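Architecture and fold: a report
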Amino acid sequence: MRTLFPKDKHMTKLQRFPAYYITFMYLGSTALLLYYVWPFIFNLDARLLITWAIVQFLGMFGINICYHHLVTHKSYTTNAFWKIVLCYVGGLATQSSPNNWSLVHLTHHRYTDTDRDPHSPNLDNPVLGVLRAALPLFMSITISDSKVNLMAKKSFDDPIFRFFDMTHMLWFWLTHGAVYFFLGWEWFLLLSVFPVALVHFGETAINCFHFDLERHDSESDRFWWIWNILIIGAGNHKLHHDTPRDYKTDWPIDLFIDRIKT
Ligand SMILES: [Zn+2]
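Residues numbered from 1 in each chain as written. Predicted model: local features only at pLDDT ≥ 70, side-chain atom pairs only at ≥ 80, totals over all residues.

**Quick look at the overall build of the protein chain**
Across its full length, the protein chain holds eleven helices and zero strands. Within the protein chain, the proportion of its 262 residues that are buried is 40%. Of the contacts formed within the protein chain by residues at least 6 apart in sequence, a portion of 70% connects residues at least 24 apart. (Helix = DSSP H or I, 4+ residues; strand = E, 2+ residues; numbered from the N terminus. Buried ≥ 20, exposed ≤ 12 C-beta atoms within 10 Å, placed from the backbone. Contact = placed C-beta atoms within 7 Å.)

**Notes on unusual backbone geometry**
Following W251, the chain continues to P252 via a peptide bond in cis, the omega torsion being 5°. With respect to the helices and strands, P252 occurs in the loop between helix 10 (237–242) and helix 11 (253–260). Phi at L44 is positive, roughly 50°, even though this residue is not glycine. With respect to the helices and strands, L44 occurs in the loop between helix 1 (13–42) and helix 2 (48–72). Even without being a glycine, K74 presents a positive backbone phi close to 50°. Inspection of the secondary structure puts K74 in the loop between helix 2 and helix 3 (80–92).

**Considerations on the packing of helix 4 (residues 98–110) against helix 6 (residues 146–157)**
Taken N-terminus to C-terminus, the directions of helix 4 and helix 6 make an angle of 145°; their axes are 10 Å apart at the nearest point. Every pair of crossing elements has a handedness; the one defined by helix 4 and helix 6 is right-handed. Note on element contacts: helix 6 touches helix 4 through K147, V148, M151, A152, S155 and F156, opposite P98, N99, S102, L103, L106, T107 and R110. Of the residues assigned to the contact of helix 4 with helix 6, the class counts are seven nonpolar, four polar and two charged. (Axes fitted to C-alpha atoms, helices over the stretch in contact; angles between N-to-C directions. Left-handed = near helix turned anticlockwise from the far one by under 90°. Nonpolar A, V, L, I, M, F, W, Y, C, P; charged D, E, K, R; others polar.)

**A word on the nonpolar core**
A general feature of soluble globular proteins is that nonpolar side chains tend to end up buried together. Core analysis: the largest hydrophobic core is formed by 42 residues, its most contacted members being C66, L86, V193 and F194. Where this core is concerned, the elements lending two or more residues are helix 1, helix 2, helix 3, helix 4, helix 6, helix 7 (159–183) and helix 8 (185–209). The greatest single-element share of this core, amounting to eleven residues, is contributed by helix 8. Among residues more than four places away in sequence, those in contact with L86 are F61, G62, I65, C66 and L70. Counting six residues, the second-largest nonpolar core is a separate cluster that includes A19, I22, Y26 and A133. (Core = buried A, V, L, I, M, F, W, Y, C linked by C-beta atoms within 7 Å.)

**Some points on the packing of helix 7 against helix 8**
Angle between the axes and distance between the axes: these two values describe a pair of packed helices. Their axes nearest at 7 Å, the elements helix 7 and helix 8 cross at an angle of 150°. Along this stretch, helix 7 crosses helix 8, giving a crossing that reads as right-handed. For the pair helix 7 and helix 8, the contacting residues are H176, V179, Y180 and L183 in the first and W185, W187, F188, L191 and S192 in the second. In terms of residue class, the contact of helix 7 with helix 8 is built from seven nonpolar, two polar and no charged.

**What to know about the environment of L189**
You can see L189 is positioned in helix 8. In this structure, the C-alpha to C-alpha distance between L189 and T51, residues 138 residues apart in sequence, is 9.4 Å. The contact partners of L189, leaving out residues within four places of it in the chain, are L32, Y36, V37 and F194.

**Observations concerning the environment of S29**
Structurally, S29 is set in helix 1. Under the C-beta neighbour-count criterion, S29 is labelled buried, with 22 such atoms within 10 Å. Through-space distance from the C-alpha of S29 to that of P195 is 9.0 Å; in sequence the pair is 166 residues apart. Once you skip the residues sitting within four places of it in the chain, S29 turns out to touch V193, V196, A197 and H200.

**Overview of the environment of K147**
As for its position among the elements, K147 is in helix 6. When the C-alpha positions of K147 and T107 are compared, they lie 9.2 Å apart, and in sequence the two are 40 residues distant.

Below, the structure written as C-alpha cells:
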C-alpha cells in the first residue's frame, strides 16, 4: 500500500515523492504569502473577503467534510456526485490525495500523542515538534501497521477515491493555473496562494493544540464558535477522538453533511 511517509526504509523514491511535494507546496505557498500577499492584508484589501470564503471552502468542504469524515472515518456515505465534487475541492488544498491523507489520520487516531503519532508536536525539541506537526518530511511512521491498513482498505477500494489519488495534482494545477491565466497574478495570490497557505496553517494549528473549544464555558470562550469556524469546524478535536465516526461533533459542517448523506 502506498503512503507518503518518508522515513520508512522500505519506501522507494517514488513513494516518498508526495512527502517532498506537499512540504514544498507548504513552504512555497508560505514564502509567497509572506513576500507578496502581506501588503494586501496590511492594506485591508476588500478582495480578501472573497479569499476568506475560499479558505473556508477548501478547509471545511475539502478537508474536514471530505478527507476527514467521508474518506477517513466513513462517518457518512454519499452519492458519486458529491464524492467527486468534494474530492476535487480536497485536492485544491494540496494536502495530499484522499487515501494518503486518510492513512496519516488513521495512524494519528490509533497512536495519538505517542511516538508513533505521525504528526504529534510533543518532542523534546519544541521547534522540531512544530515541524513534525506541519510538514510531511518530518512525520514518521512505519507502513506495516496492519490494523491501519485494514481500516483504510474500504476507501482504497473506492474507485472515485482511487481516481483522485492518481489525479489530484492535475486538478490542483489546472485549477490554480486557470486562476493565474484568466485572472492574473494578483488574483492568483489572493485566490490560490493565500488560501492554500492558510489551510496548511490551520491543519498545523489543529495538530499542535488539539482544540476542545465547546467543552469550555467560561466568559473568555463565548466566541468559541468563531474560532471553531476559523479552524474549519475541528474545534471539538478531543471529543472527536472519543467518537471518531460521529460527524455531529463538528459544527457547522454537520449541517451540510446532513443534507448530502445517503
Ligand atoms: Zn479524525
